Amino acid sequence: MNTKASTYSGVARREFLVGGGVLLAGALIGAARNARSESMTADPALIEDLVAANRILAALEIVDGYGHVSVRHDKNPDHYLIARSIAPESVGAKDILELDLDSKPVGGGDAKMYLERFIHGEIYKARPEVKAVVHNHSAAVIPFGVTGAALRPIYHMAGFIGLGVPVFEIRDAAGDTDMLIRTPELGAALARTLGDKPAALMRGHGAVVVGDSLSQVVGRSYYLQMNAKLQAQAMALGGEVTYLDTEEARKTAGFGSYDRAWDLWKRRAMGK
Ligand code: MN
């Protein structure tokens, strides 16, 4: 499979070189081309935050050599930004690609892309309000995807779990596979299972987490993992476990963006 795209900076450079052609085409076919030109202007602060999100998720051991995080383009909602296929800890600004919602590289190019990028594109298509997506293989959540034991909110930091965390069964969509979301169809099936929820587990594979910002999706990924660890400990103690009830979950889910934690994590991850 040829899964290559140019880096973000590479695309920008080529756009500069062929800029005259883009202008001429834009005059001829209008809005589509204008959208493309505009797409070259992602806010550098957003790219920096995406780099930070990659490094934070690695530092918090939510991703290792695998897993990825993306953010919807700040000016073109039909595009998103994601690293080329490298380990999140290694990501720098030069590694960020711009993809459309079919997860095809804007402007072509030959950088290797994540096989499972369709997770991101198909969720952005299905959920217009979602601004950021994380896919991980967080070890602590795996047992909850394979046992029928439901992940439930055990403390206030993970109240959003009370909004619902469905489990995606890939066999229902495609029979026996290698478990990977390799196609737009599988991405769409996962997005259907996710529905309007903040996260979904992927049986025998990992999780997908969504949010309205990078700070929220990173915070949710961290506290999803922490909740899974604590819940397993509580269950192992025996006896009945008291979880947040629906109303408590709804009220704490409003904590939202985890801004204070994000500021700390970003400072550490970026060495500032
Ligand atoms: Mn995966």
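In case you missed it, the structure is sitting above this.
If you're wondering where the values come from, they're calculated on a predicted model, not measured in any experiment.

**Q** Which parts of the structure should I look at to understand the nonpolar core?
**A** Side chains that are nonpolar tend, in soluble globular proteins, to be buried together. Among the nonpolar cores identified, the biggest contains 78 residues, and Ile 123, Ile 181 and Leu 224 are the most heavily contacted of them. Non-local contacts of Ile 181, meaning those with residues more than four positions away in its chain, are made with Leu 115, Glu 116, Phe 118, Ile 119, Phe 168, Ile 170, Leu 186, Gly 187, Leu 190 and Met 202.

**Q** Sorry if this is basic, but what is going on with the coordination of the manganese ion here?
**A** Looking at the manganese ion, one finds its protein donor set to be Glu 116 (OE), His 135 (NE2), His 137 (NE2) and His 205 (NE2), positioned 2.1 to 2.2 Å from the metal centre. We note that the donor set of the manganese ion lies within a single chain, spaced as E-x18-H-x1-H-x67-H. Of this pair, His 135 sits in strand E6 (residues 132-136) while His 205 sits in the loop between strand E8 (199-202) and strand E9 (206-211), placing them 70 residues apart in sequence. By relative accessible area, which is 0% here, His 135 ends up buried.

**Q** How should I be thinking about the side chain of Asn 54 in this particular structure?
**A** Position of Asn 54 relative to the elements: it lies in helix H4 (residues 44-59). A relative accessible area of 0% places Asn 54 in the buried class. In this structure the side chain of Asn 54 is engaged in a polar contact, spanning 2.8 Å, whose partner is the backbone oxygen of Leu 50. The contacts of Asn 54, once residues within four sequence positions are left out, are Val 63, Val 69, Pro 88, Glu 89 and Val 91.

**Q** When you look at the packing of aromatic side chains in this model, what are you seeing that I'm missing?
**A** One pair of aromatic rings is described through two measures. These are the centre distance and the angle between the planes. Applying the stated criterion to the full structure yields five aromatic pairs. Residues Tyr 222 and Trp 265 carry aromatic rings whose centres are separated by 5.3 Å and whose planes lie at 65° to one another, so their mutual orientation is edge-to-face. On the criterion of sequence distance, the pair formed by Tyr 222 in helix H9 (residues 214-236) and Trp 265 in helix H11 (residues 259-269) is long-range, its members being 43 residues apart. Ring-pair connections join several aromatic residues into one group, and the members of that group are Tyr 155, Tyr 222, Tyr 223, Tyr 258 and Trp 265.

**Q** What is the right way to read the pattern of salt bridges from this model?
**A** Side-chain pairs of opposite charge can arise whenever the charged atoms involved come near each other. If you walk through the whole model with that rule in mind, you get 13 salt bridges. In this structure, Lys 266 and Asp 49 form a salt bridge, with 2.7 Å as the shortest nitrogen-oxygen distance. Highlighted residues: Lys 266 in helix H11 and Asp 49 in helix H4, separated in sequence by 217 residues. Judged by relative accessible area, which is 21%, Asp 49 ranks as partly exposed. Notably, a salt bridge pairs Asp 95 with Lys 94, separated by 3.6 Å at the nearest N-O pair. A relative accessible area of 2% means that Asp 95 is categorised as buried. Where salt bridges share partners, they join Glu 48, Asp 49 and Lys 266 into one cluster.

**Q** Would you mind showing me how to read the environment of Ala 232 here?
**A** Within the secondary structure layout, Ala 232 lies in helix H9. As a C-alpha pair, Ala 232 and Phe 144 span 88 residues in sequence and 9.1 Å in three-dimensional space.

**Q** Would you mind going over helix H8 (residues 184-194) with me for this structure?
**A** Since the α-helix packs 3.6 residues into each turn, any two residues three or four apart lie on the same face. Within H8 the residues assigned to the buried category are Leu 186, Gly 187, Ala 189, Leu 190, Ala 191 and Leu 194. Structurally, H8 contributes buried residues whose contacts are with helix H5 (118-126), strand E7 (167-168), helix H7 (170-174), E8 and E9. Downstream of H8 by one or two residues, Gly 195 has phi in the positive range, about 55°.

**Q** Which parts of the structure should I look at to understand unusual backbone geometry?
**A** Across residues other than glycine, the phi torsion is negative in most instances, and most of the peptide bonds are trans. For Met 179, which is not glycine, the phi dihedral falls at a positive 80°. Note that Met 179 resides in the loop between H7 and H8. Even without a glycine there, the phi angle at Tyr 258 is positive, about 55°. Relative to the elements of secondary structure, Tyr 258 occurs in the loop between helix H10 (246-253) and H11. Of the residues examined, Tyr 258 reaches a relative accessible area of 12% and is grouped as buried.

Rules used throughout
- Residues numbered from 1 in each chain as written.
- Predicted model: local features only at pLDDT ≥ 70, side-chain atom pairs only at ≥ 80, totals over all residues.
- Heavy atoms only, no water.
- Core = buried A, V, L, I, M, F, W, Y, C linked by side-chain atoms within 4.5 Å.
- Buried < 20%, exposed > 50% of the residue type's maximum accessible area, 1.4 Å probe, protein only.
- Contact = heavy atoms within 4.5 Å.
- Donors = N, O, S within 2.8 Å, 3.2 Å for Na, K, Ca; no water.
- Helix = DSSP H or I, 4+ residues; strand = E, 2+ residues; numbered from the N terminus.
- Polar contact = N/O pair within 3.5 Å; in protein donor to acceptor, adjacent residues only side chain to side chain.
- Phe/Tyr/Trp six-rings, centres within 6.5 Å; stacked < 30°, edge-to-face > 60°.
- Salt bridge = Lys/Arg side-chain N within 4 Å of Asp/Glu carboxyl O.

Any functional reading would require information that these geometric values do not contain.
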